[in-house]
Amino acid sequence: MASEDEVNLLVIVVDVNPIWWGQQAQREPEFTLSKCLDAVMVMGNSHLALTRTNKLAVIASHCQDSHFLYPSKSLGGGDGAADDVSSTRDGKYELLAVANSTIAEEIRNVLSKAEVRGNSTDTLLAGSLAKALCYIHRVSKELEVGQEIKSRILVIKAAEDCALQYMNFMNVIFAAQKQNILIDACVLDSDSGLLQQACDITGGLYLKIPQKLALAQYLLWVFLPDSEQRSQLVLPPPAHVDYRAACFCHRNLIEIGYVCSVCLSIFCNFSPICTTCETAFKIQLPQMVKPKKKKLKMPA
Amino acid sequence: MASLSEEVLLVVKKVRQRKQDGTLYLMAERIAWGPEGKDRFTVSHLYSDIRCQKISPDGKAKVQLQLVLHTGESTTFHFANESTALKDREAAKELLQQLLPKFKKKANKELEEKNRMLQEDPVLFQLYKDLVVSQVISAEEFWANRLGGLNNAEPAPYTNKQEVGISGAFLADIRPQTDGCNGLRYNLTTDIIESIFRTYPAVKQKYSENVPHNLTEKEFWTRFFQSHYFHRDRINTGTQDIFSECAKQDEKGLKSLVNKGVKNPLVDLLSLEDKTLDEGYGIKQALPSTSNSNKTVKESSNAAIIKRFNHHSAMVLAAGARKNEVPADQASETSSTDGNSRDSDFFQPPVKKVKLQEAIEYEDLQRENRQKTVALNLKKSDRYAHGPVPLQSQKYTTSQDIINAVNCIRHEMANYKPNLTQVMSSTAASSAVAALSPGGVLMQGGAQQAINQMVPSDIQGELKHLYVAAGELLRHFWSCFPVNTSFLEEKVIKMKSNLERFQMTKLSPFKEKLQRQYLGTNLTGHLEEMLQTAYSKFHIWQTRRMMRKT
C-alpha cells in the first residue's frame, strides 16, 4: 500500500544487561536471552519481509557500551559472510539469512568480550537510543532523491531504569520528537517511567508484557505495524503517564509545590532562601496593628 | 386637526394624494395632508417617523414626492399645480431636507442598538428566542444587564472614523456642464463646498461675511465661479470683485511660505534650480531676469499658473494639517503652515538639531546600554540532572552475584544459535492473542466511545441551547443574593418562578424526548442538579425570612 519510494526503517534496541539476564536465567530458565534474541530475530525478519524497501537495524545495549548487531561493520566484504550464507542452504531469503547470522555472531562477540565492573551495572539505554537516532539520521541522508523515510525505534527493556541517565534520556526523546521518530517500548520486567514518557511524547506504544514466553507474539501483533497502519487497528490503549515533578530536596513526586523564580528549582516546602541559587525571598507578612494606648483620665 | 400651537412652516396647495386633491402642510414637527374642502388631516407623519424622502426624476411628467417611513410604508404626494408644481415640490423637498435630520437623531437609538446586538450575535439571538419569545422572562429583564453601556454615552469603537482628507482635485471635480445656450452649470455638493472652505479660508471668510446678508448662497457661488479668482488667467485688474481681496491674500501667503523655506536643514531646495553649463547645455536662452518687462506674455501666464498650482497644493496640505482648528474663529486660522505665522522661526534651531543628529547617528552602531544583570549562581546544579525518579532503595546485588550472572550469560551465549522454529509454543501465543483482543487483560480502559459520537447532533444542539438559557436564568437568580433590598426580594421570587417555568416548559419535554429515543445517557442530570441547587437555596432563604419575621 505504501508507495515504492517510501523506506521504512526499524531500529530495535535490545537490552542485553548481562547481570539482569544472568539472574533471569537462574529465575526462569525457559526464557533466557537466547529466546529473547530469537523473538527479536523473528520480528526483524518479518519487518524485512513485509516490503522490499524496509530496513532494519539492531543495537545491543550493554552496561559499558552499545553495539550494532545489524548491520555490522564486517558485513561489507569478507568471505566469512559468504561462507555463512552458503552454509545455510535451505533456500531462505538471503537478506534474512544474512541478518540472522550477523546478529548471532555479533551478540556472541559482545557477550564474550564484556567485562562488568561493579559500579556500572545499569544499561546504557540513553546512549543506545542516541546511536539509533544517529543511524537513522545517517540513513536518511543517504537516500536517493525522491525517497522518503519513516523510522521508528523499538526498545526491548529488561533491567530497571537508571536515574542518572535522566537528562540524556529526555534530550533523546525530544530529539526524536522533533525528527518525527516513534519510540515504542516493550517492557519485560518492571515499569519504566522514562520509557512511558518517551512513548507518550513521540507517539509510540508502551506495553508491559505479562508473559515473557510469548514475546514474539506480542512483538508481531503490537509493534510490527507502522504508525499509519496502527490507526486502523485496535491496539492496547495508552497508559496514563505520571508527569509529576519531583522536589529537589526529597525527590518526592509532588503535585503542588514552590518554584524558585530565579533558577526554577522545585521545592515541596517554602524556605526563605533557595538552596540552589541562594536567592532570598521576601514574603510580606500581614501588618500588625498596634493597639492604641488609652489615656486614663485622672480625676481632678 | 392641527393644534393651534403648531407652527405651520409651509402650505402647498393642489397636492394630490391617492388621486385626491388636497393641501400639504409642513409643520414644526410633522407633515400632514388634508383633502380639498375638508378640515381634518387624513395623512399625518411625524418627522421622526420618516426614514427618507424620494423625488421623481426631473424628466417625468408627474412631479412627485415620496416619504418612506421607518416601518417601511411609503406615502406619495403628487404636485398637481400646472405652473408651480416643480417649484412647490422643490420647496417642500428643501424644507424636509432641513427638518428631517433634526428629528432623526431622536429616533430610538436603543432599539437600533438592540437590533444590532441581536443580529451580530447568534448566540444572543437564540437566547432571546428561547427566553423572551417563549415567555419565560420578560424583555426588560433580558436587556437589563446588556444595555448598560448605552446610557453612559460611550462612543462605540466602531464609530471612530478617520478624518477624511481633501482630494487635491476637488476643484476639477466640479466639471461644468453646458446648459444648452451659452450657460454653464456647476454642480456643487456639500463635500466640494466643504473642501473649498477648508482649503481657502479666505473664501470661507467672504462667505460668512456676505451670506445671507448681502447675497444668497446661489449668488455667492455664481459670483465665485465668474470671478477671475477662480479662472485660469488670474489677471488681477482691480475689479469690483469681492474675491480680489482673496487673490491678494493668496499672493501674500505664498510669498511668506516661500520665505519660510523648509524646516529640514539637510534639504536644499535652491540647489534644484536649473543650472546651465553653457549655452546649448540645458536651457536654450539666458536665465530670465525677474523684471517684468522682459517676460513674454506666455511666460508670465505660465508662471502665474505654476504659482497657482503651488499655492493650491500648499493650501490643500495645510488644510489637512489644520483639521483640528477648523471650528476656531478666523483669527486663529493663520497657522504656521499657512505661511503667515510668526512663531515658526522660534522653533527653527531645535528642529535643525534633531535633523542633523538623525543624519549622523546610527542606532545599531551605538554601544548597547543594557541594564546591569545579576549572574546566576547555582550551587547544586546536579539536582537538575536527576529525574523525577524517586530515590528508591535499589536491589542490592553483591559482587558475587554479579560475577555469577555474568559467567552464566557468557556461558549461555557462547554457543548461541538461533532456533527460529521453536520461538514459542502455541499455547503461549494463543494466550497472548487473547490478552490483546478487545476485552482482554491488556485492552482494559481504552476505546471508549466518545459521548458526542453516540448522541445525534440535533439533540446536542438542543442541549446547548438549554444550557445557555438555563445559564442565563441562573445567573439572574444567583445575582440576587445576598438579598438586601425589596427589589431583590421580588426579583428572587420572580426568578424562582421563572426557573420552575423553564423546567416545566423546556427541560421536561426534552427529557421525554430523550426517553422516547432510547438514549441511555443521562444528558440532563447536570442541568437538573443546578436547578435543584437553586431551589434549595431559595427554600433556605425563604425559611430564614419567615423566621426573621416571626
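Residues numbered from 1 in each chain as written. Chains lettered and ligands numbered in written order. Predicted model: local features only at pLDDT ≥ 70, side-chain atom pairs only at ≥ 80, totals over all residues. Heavy atoms only, no water.

What to know about the overall build of chain B
Secondary structure summary: chain B contains 18 helices and nine strands in total. Out of the 550 residues belonging to chain B, those deemed buried represent 30%. Pairs at least 24 residues apart make up 53% of the contacts formed inside chain B by residues separated by at least 6 positions. Summed over its atoms, the accessible surface of chain B is roughly 38,200 Å², and 53% of this surface lies on carbon and sulfur atoms. (Helix = DSSP H or I, 4+ residues; strand = E, 2+ residues; numbered from the N terminus. Buried < 20%, exposed > 50% of the residue type's maximum accessible area, 1.4 Å probe, protein only. Contact = heavy atoms within 4.5 Å. Areas by Shrake-Rupley, 256 points an atom, 1.4 Å probe, with all protein chains shown as cover.)

A closer look at the overall build of chain A
Each helix and strand in chain A was counted, giving nine helices and 10 strands. Put simply, chain A has 300 residues, and 48% of those count as buried. A total of about 16,100 Å² of accessible surface is found on chain A, and carbon and sulfur atoms cover 54% of it.

Let's talk about the packing of helix H1 (residues 18-27) of chain A against helix H13 (residues 399-414) of chain B
Where H1(A) meets H13(B), the axes come as close as 7 Å, and the angle between the chain directions of the two elements is 80°. Of the possible angle classes, the one that applies to H1(A) and H13(B) is roughly perpendicular. On H13(B), the residues touching Pro18(A), Ile19(A), Trp21(A), Gly22(A), Gln23(A), Ala25(A) and Gln26(A) of H1(A) are Asp401(B), Ile402(B), Asn404(B), Ala405(B), Val406(B), Cys408(B), Ile409(B) and Glu412(B). In the contact of H1(A) with H13(B), the residues fall into nine nonpolar, four polar and two charged. (Axes fitted to C-alpha atoms, helices over the stretch in contact; angles between N-to-C directions. Parallel < 35°, antiparallel > 145°, perpendicular 65-115°, else oblique. Nonpolar A, V, L, I, M, F, W, Y, C, P; charged D, E, K, R; others polar.)

Let's talk about the side chain of Thr75(B)
All names here are of chain B. For Thr75, the position within the fold is in strand S7 (residues 74-79). A polar side-chain atom of Thr75 sits 3.0 Å from a polar atom in the side chain of His45. Those residues in contact with Thr75, other than ones at most four positions away along the chain, are Gln17, Val43, His45, Leu65, Gln66 and Leu67. (Polar contact = N/O pair within 3.5 Å; in protein donor to acceptor, adjacent residues only side chain to side chain.)

Overview of the packing of aromatic side chains
The tally for this structure, following the rule as stated, stands at 10 aromatic pairs over all chains. Each ring, one from Phe68(A) and one from Tyr135(A), has its centre 5.3 Å from the other, and the planes form 50°; the classification is tilted. Taken together, the residues Phe68(A) in strand S3 (residues 66-70) and Tyr135(A) in helix H5 (residues 125-141) connect sequence positions 67 residues apart. Of the residues examined, Phe68(A) reaches a relative accessible area of 21% and is grouped as partly exposed. On the accessibility criterion, Tyr135(A) (12% relative accessible area) is buried. Where Phe477(B) meets Trp478(B), the ring centres are 5.5 Å apart and the plane angle is 85°; that geometry is what we call edge-to-face. On the basis of relative accessibility, which here comes to 0%, the residue Phe477(B) falls in the buried class. (Phe/Tyr/Trp six-rings, centres within 6.5 Å; stacked < 30°, edge-to-face > 60°.)

Some thoughts on the interface of chain B and chain A
The interface of chain B with chain A comprises 47 residues on the first partner and 62 residues on the second. Note on chain B versus chain A: buried area summed over both sides is about 4,700 Å², and carbon and sulfur give 67% of it. Here chain B is connected to chain A by zero salt bridges. Seen at the junction of chain B and chain A, the total is 10 residue pairs in polar contact (both at pLDDT 80 or more). At the level of secondary structure, the elements contributing two or more residues to the side of chain B that touches chain A comprise helix H12 (382-385), H13 and helix H14 (426-436) of chain B. The greatest single-element share of the side of chain B that touches chain A, amounting to 11 residues, is contributed by H13(B). Of the residues belonging to the side of chain B that touches chain A, the class tally is 29 nonpolar, 11 polar and seven charged. (Buried area = accessible area lost by both parts, 1.4 Å probe. Salt bridge = Lys/Arg side-chain N within 4 Å of Asp/Glu carboxyl O.)

Here we look at helix H7 (residues 193-202) of chain A
Owing to its 3.6 residues per turn, the α-helix aligns residues three or four sequence positions apart on the same side. Residue and element names in this part refer to chain A. Burial analysis of H7 places seven of its 10 residues in the buried class, which makes it a mostly covered element. Looking at H7, one finds that the buried residues are Leu194, Leu195, Gln196, Gln197, Ala198, Cys199 and Thr202. Tucked inside the fold, the buried residues of H7 contact H5, strand S4 (148-157), helix H6 (166-178), strand S5 (182-187) and strand S6 (206-208). Gly203, located one to two residues past H7, shows a positive phi value of around 95°.

Focus on the packing of helix H6 (residues 190-199) of chain B against helix H7 (residues 201-210) of chain B
A pair of packed helices is characterised by two quantities: the angle between their axes and the separation of those axes. Residue and element names in this part refer to chain B. For the pair H6 and H7, the least separation of the axes is 5 Å and the interaxial angle reads 110°. Taken together, the axis directions place H6 and H7 in an arrangement best described as roughly perpendicular. Seen from H6, the contacting residues are Ile196, Phe197, Arg198 and Thr199; seen from H7, they are Pro201, Val203, Lys204 and Tyr207. Considering only residue class, the contact of H6 with H7 consists of five nonpolar, one polar and two charged.

Focus on the pattern of salt bridges
All names here are of chain A. This model, assessed by the stated rule, comprises 17 salt bridges over all chains. Across the salt bridge formed by Lys150 and Glu228, the nearest N and O atoms sit 2.7 Å from each other. In this pair, Lys150 is assigned in strand S4 and Glu228 in helix H9 (residues 227-230), connecting sequence segments 78 residues apart. Lys150 sits in the partly exposed class, given a relative accessible area of 23%. Judged by relative accessible area, which is 44%, Glu228 ranks as partly exposed.

Observations regarding the pairing of S7(B)
All names here are of chain B. Sheet topology places strand S1 (residues 8-17) next to S7; two bridges connect them, and they run antiparallel. Note that in S7 the partner of Val15 across the bridge is Phe79. Both strand S6 (residues 63-69) and S7 contribute to a ladder of six bridges, which runs antiparallel. Bridging from a neighbouring strand, Gln64 pairs with His78 of S7. Once S6 ends, the chain turns through four residues before running back antiparallel as S7, passing Gly72 with a positive phi of about 105°. (Pairing = 2+ DSSP bridges.)

No statement about biological role is implied by the geometric values presented.
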